[in-house]
Amino acid sequence: MQEHIRTCGPITVEQAQKLALYHHEFGYYVHNNVIGSGGDFITAPEISQLFGEMLAFWCIAQWQEVGCPESLHLIELGPGRGTLMHDILRIGERQQGFLESLTVSCVEICPSLLIQQMQTLEEYPFVCWYKSLNEVPAGADFTIVLANEFFDTLPIRQFVGGQERQIRYTDMENTLIFSPPGNPNSIKESCPMAEEIMKIALEQLSPGVGLIIDYGDDTPPESRFGDTLQAVFQHKPVKVLESLGFADLSHQVDFHSLRRLCPNHRFQPQGNFLLKLGIEQRLEKLMAIATAEQKFSLTTGATRLVSPTEMGQKFKVLEIFKR
Ligand code: SAH
């Protein structure tokens with residue numbers, strides 16, 4: 001990446017992120033082992049089966065609420081290793097009529113994750129894959145769009161005093177720098193790709209419901225300042241400019257902007273959402289039949305997902321209703 005910017009000249013933070021994530025030669029998603037203990041970061045469905053099970057209960061409840069329509073389309077944006085979808089379908093199997101009504105579309109850009117998803121979900125022949133939400137056919141009786149830790153990975157623009165922040169190469173230090181450097185408190189961010197995808201998702205919900213879960217905040221634009229771009233490599237934070245193409249890049253999702261696009265919606269922290277769906281009751285049931293080792297991983301997993309000092313407060317849930 002450094003060589004590319006040195007030869008081609010400065011590029012915006014957004015362009016740099018697009019190259020660092022998706023470029024066929026040096027894109028992070030093209031070459032790396034991204035998720036899981038052997039990858040760079042871990043996500044809620046990988047922490048505990050309880051997460052996918054709660055989302056399965058949510059999907060089934062939504063489908064029942066509209067009278068169990070015969071054609072149900074479940075779309076997942078960025079399914080990672082396919083764990084969340086697998087947990088949803090495993091629970092869905094127990095609900096009469098649910099799987100029979102279902103088509104599943106996975107939207108995935110990363111070739112190695114796509115292969116993992118195909119392996120994880122091979123027992124379900126009704127799952128299809130697409131590179132972008134634009135390509136996913138519409139037309140089911142009811143559509144559910146799910147996105148867990150998807151929006152935080154999309155490239156952002158940054159502005160310092162109205163000027164777009166770029167990344168450029170400096171000969172003197174033989175390194176990449178941000179230009180203008182910007183004081184972290186003076187930086188404003190926007191994520192055009194998130195808004196674009198959100199609009200397409202809303203069109204897909206005709207009728208339908210959406211569920212977006214991510215770390216982020218609901219701060220209105222007047223008071224939303226700061227550089228939230230971060231890089232993570234093998235579970236540790238690293239410097240963004242030193243790790244372009246090698247590390248996972250993410251930012252705090254601006255839920256305020258996404259909510260403005262949604263008609264009827266509910267917004268709450270992940271902890272509340274999972275508690276209301278009955279995560280404690282489900283945990284109790286599983287504990288009754290678990291081995292000592294499983295008990296440990298079930299309780300630590302549930303605590304991580306729900307506790308306000310862990311993911312319970314930092315992660316937010318946006319439910320969108322177009323029924
Ligand atoms: N939802 C999963 C994975 C989250 S990581 C989980 O919770 O475990 C982000 C996922 O989005 C990965 O699968 C990544 O490859 C995918 N992704 C990132 N940008 C994308 C894009 N522009 N289009 C499609 N998929 C994308």
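Residues numbered from 1 in each chain as written. Predicted model: local features only at pLDDT ≥ 70, side-chain atom pairs only at ≥ 80, totals over all residues. Heavy atoms only, no water.

Undergrad: Please give an account of the site of the ligand that cites residues and values.
TA: Around the ligand sit 21 residues in total, of which T43, G78, G80, E108 and N148 are the nearest. Within the backbone of G80, one N or O atom sits 3.0 Å away from an oxygen atom of the ligand. Measuring from an oxygen atom of the ligand, one finds a side-chain N or O atom of N148 at 2.7 Å. Here the ligand, which alone exposes 570 Å², has 97% of that area covered by the protein. Its residues placed into classes, the shell around the ligand shows 13 nonpolar, 5 polar and 3 charged. (Near = heavy atom within 4 Å. Polar contact = N/O pair within 3.5 Å; in protein donor to acceptor, adjacent residues only side chain to side chain. Areas by Shrake-Rupley, 256 points an atom, 1.4 Å probe, with all protein chains shown as cover. Nonpolar A, V, L, I, M, F, W, Y, C, P; charged D, E, K, R; others polar.)

Undergrad: Report on the sheet that holds strand 6 (residues 157-160), specifying residues and quantitative values.
TA: Pairing is antiparallel across the open sheet formed by 3 strands, whose spatial order is 7-6-10. Strand pairing shows two members of the sheet lacking a second neighbour, strand 7 (163-164) and strand 10 (187-190), which therefore form its edges. (Pairing = 2+ DSSP bridges. Helix = DSSP H or I, 4+ residues; strand = E, 2+ residues; numbered from the N terminus.)

Undergrad: Run through helix 12 (residues 292-306), naming residues and quoting values.
TA: The first and last C-alpha atoms of helix 12 sit 21 Å apart over 15 residues, in line with the 21 Å expected at 1.5 Å per residue. Of all the residues in helix 12, the buried ones are L298, G301, A302, L305 and V306. The arc enclosing the buried residues of helix 12, seen along the axis, measures out at 110°, which places them on a common side. Across helix 12 from its buried face, at more than 90 degrees, point the exposed residues A292, E293 and F296. Taken together, the buried residues of helix 12 touch helix 4 (44-47), helix 5 (49-65), helix 10 (270-276), helix 11 (279-288) and helix 13 (311-314). (Expected span 1.5 Å × (residues − 1). Buried < 20%, exposed > 50% of the residue type's maximum accessible area, 1.4 Å probe, protein only. Arc of directions from axis to C-beta. Contact = heavy atoms within 4.5 Å.)

Undergrad: Lay out the pattern of salt bridges in plain terms, naming residues and giving numbers.
TA: In total, this model carries 12 salt bridges according to the counting rule given. For E46, the salt bridge is made with R81, and the minimal N-O distance between the two is 3.1 Å. Of this pair, E46 sits in helix 4 while R81 is found in the loop between strand 2 (72-77) and helix 6 (83-92), placing the two residues 35 residues apart along the sequence. Note that E164 is salt-bridged to R157, the shortest N-O span being 2.5 Å. Salt bridges sharing partners connect three or more residues here, namely E53, D87, R90 and R282. (Salt bridge = Lys/Arg side-chain N within 4 Å of Asp/Glu carboxyl O.)

Undergrad: Got a sec to walk through the packing of helix 5 against helix 6? Specific residues and values, please.
TA: With their axes 8 Å apart at the nearest point, helix 5 and helix 6 run at an angle of 55° to one another. On the basis of the axis angle, helix 5 is oblique to helix 6. The way helix 5 lies across helix 6 gives a crossing that is right-handed. Within the contact between the two elements, helix 5 uses Q49, F51, G52, E53, L55, A56, F57 and I60 and helix 6 uses L84, D87, I88, R90, I91 and G92. (Axes fitted to C-alpha atoms, helices over the stretch in contact; angles between N-to-C directions. Parallel < 35°, antiparallel > 145°, perpendicular 65-115°, else oblique. Left-handed = near helix turned anticlockwise from the far one by under 90°.)

Undergrad: Account for helix 6, with residues named and values stated.
TA: Note that an α-helix has 3.6 residues per turn; residues three or four places apart therefore point the same way. In terms of residue burial, helix 6 counts as a mostly covered element, since 7 of its 10 residues are buried. Those residues of helix 6 that fall on the buried side of the exposure criterion are L84, M85, D87, I88, L89, I91 and G92.

Undergrad: Explain the sheet that holds strand 12 (residues 230-233) to me, and be specific about the residues and the numbers.
TA: Taken together, the 3 strands give an open sheet; going across it, the order is 13-12-14, and neighbouring strands pair in antiparallel fashion. Since the sheet does not close on itself, it has two edges, and those belong to strand 13 (236-238) and strand 14 (248-250), each with one partner. Direction aside, the axes of adjacent strands within the sheet are offset by 40° on average. With 3 bridges joining them, strand 12 and strand 14 adopt antiparallel strand pairing. Paired with V232 across the strands is D248, a residue of strand 14.

Undergrad: Describe the nonpolar core, listing the residues and the values that go with them.
TA: One finds L77, L133, F151, I167, M198, L244 and L318 to be the most contacted residues of the largest nonpolar core, which totals 55 residues. Among the elements that make up this core, the one with the highest residue count is helix 8 (residues 192-204) (6 residues). Of all hydrophobic cores here, the second largest spans 49 residues; its members include M85, C106, L211 and Y215. (Core = buried A, V, L, I, M, F, W, Y, C linked by side-chain atoms within 4.5 Å.)

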